[in-house]
Amino acid sequence: KAGVTQTPRYLIKTRGQQVTLSCSPISGHRSVSWYQQTPGQGLQFLFEYFSETQRNKGNFPGRFSGRQFSNSRSEMNVSTLELGDSALYLCASSLDPSRGPPTDTQYFGPGTRLTVL
Amino acid sequence: GQSLEQPSEVTAVEGAIVQINCTYQTSGFYGLSWYQQHDGGAPTFLSYNALDGLEETGRFSSFLSRSDSYGYLLLQELQMKDSASYFCAVRGITGGGNKLTFGTGTQLKVEL
């Protein structure tokens, strides 16, 4: 089974621009979560989507948004980019969290490295 | 809220055994997970403890004690390729969804 894929792998933007990142989960997985990883803050939860609905959201400003499509693929968007948004953005998918462990185990994609200049 | 603390760095020699601890404060969670992340790579799932006790997967074992708010990852027969960062993580019961809260991470350095 193919793993979680993310595109693009690397991205360079300038302050004020917006960016869209894409994530394709493992086939059959319905939950997609997004995380931001920085050296200073570690791995932080952004949001989770399940069956096209956002079920949970982390403590990030409204500039960060996302959506999920009917095929479970997900996108996240960051508008009005700031220097501090430079990070590795990771997507993770899981089978069905509502059924509890171990179906809630999250499997991560390779990430998108975003650099904001 | 939830917080998980780990030692920032651990160093061990090839062939040895190393234990990476994770102490947590949480109002309730489904289980404790462990992830490995090599530099520039994605976190890779290693182990999961839903119940107290020891789970063994090859050279890796993980332990959970809810009464002590403590868990650890044990790596045996260390190899150079085990040099990586290791994170513990929990999925909280409150708030719903599938949000993982990660620990501060431990960088493991394996030396010859």
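Right above here is the structure, for reference.
Here the structure is a predicted model, which means the values were calculated and not measured.

## Digging into the environment of Asn49(B)
Residue and element names in this part refer to chain B. Structurally, Asn49 can be placed in strand 5 (residues 44-49). Expressed as a C-alpha distance, the spacing of Asn49 and Lys99, which sit 50 residues apart in the sequence, is 17 Å. For Asn49, the contacting residues outside a window of four places in its chain are Gly31, Leu32, Leu54, Glu55, Ser62, Phe63 and Leu64. Here Gly53 takes part through its backbone oxygen, which lies 3.1 Å from a polar atom of the side chain of Asn49.

## Thoughts on empty space enclosed by the protein
Counted according to the given criterion, the structure contains one cavity of 30 Å³ or more. Computed from the structure, the largest cavity encloses a volume of approximately 60 Å³. Lining the largest cavity are Asp104(A), Thr105(A), Gln106(A), Gly31(B), Ser33(B), Tyr35(B), Tyr48(B), Val90(B), Arg91(B), Asn98(B) and Leu100(B). Of all the secondary-structure elements, those providing two or more residues to the lining of the largest cavity are strand 4 (29-37) and strand 9 (84-92) of chain B. Sort the elements by how many residues they give to the lining of the largest cavity and strand 4 of chain B lands first, with three residues.

## What to know about unusual backbone geometry
All names here are of chain A. In this model, Thr7 is joined to Pro8 through a cis peptide bond whose omega is -10°. Residue position: Pro8 is located in the loop between strand 1 (5-7) and strand 2 (10-13). Positive phi, close to 50°, is recorded for Ser51, a residue that is not glycine. Secondary-structure assignment places Ser51 in the loop between strand 5 (42-50) and strand 6 (53-57). For Ser51, a relative accessible area of 39% corresponds to the partly exposed category. Residues other than glycine seldom take positive phi values, yet Thr80 does so here, at roughly 45°. Position of Thr80 relative to the elements: it lies in the loop between strand 8 (74-78) and strand 9 (87-94).

Parameters at a glance
- Residues numbered from 1 in each chain as written.
- Chains lettered and ligands numbered in written order.
- Predicted model: local features only at pLDDT ≥ 70, side-chain atom pairs only at ≥ 80, totals over all residues.
- Heavy atoms only, no water.
- Helix = DSSP H or I, 4+ residues; strand = E, 2+ residues; numbered from the N terminus.
- Contact = heavy atoms within 4.5 Å.
- Polar contact = N/O pair within 3.5 Å; in protein donor to acceptor, adjacent residues only side chain to side chain.
- 1 Å grid on protein atoms, 1.4 Å probe; cavity = no way out; pocket = protein on both sides within 12 Å on 5 of 7 lines; lining within 4 Å.
- Points joined across faces, edges and corners; volume = space filled by probe spheres on them.
- Buried < 20%, exposed > 50% of the residue type's maximum accessible area, 1.4 Å probe, protein only.

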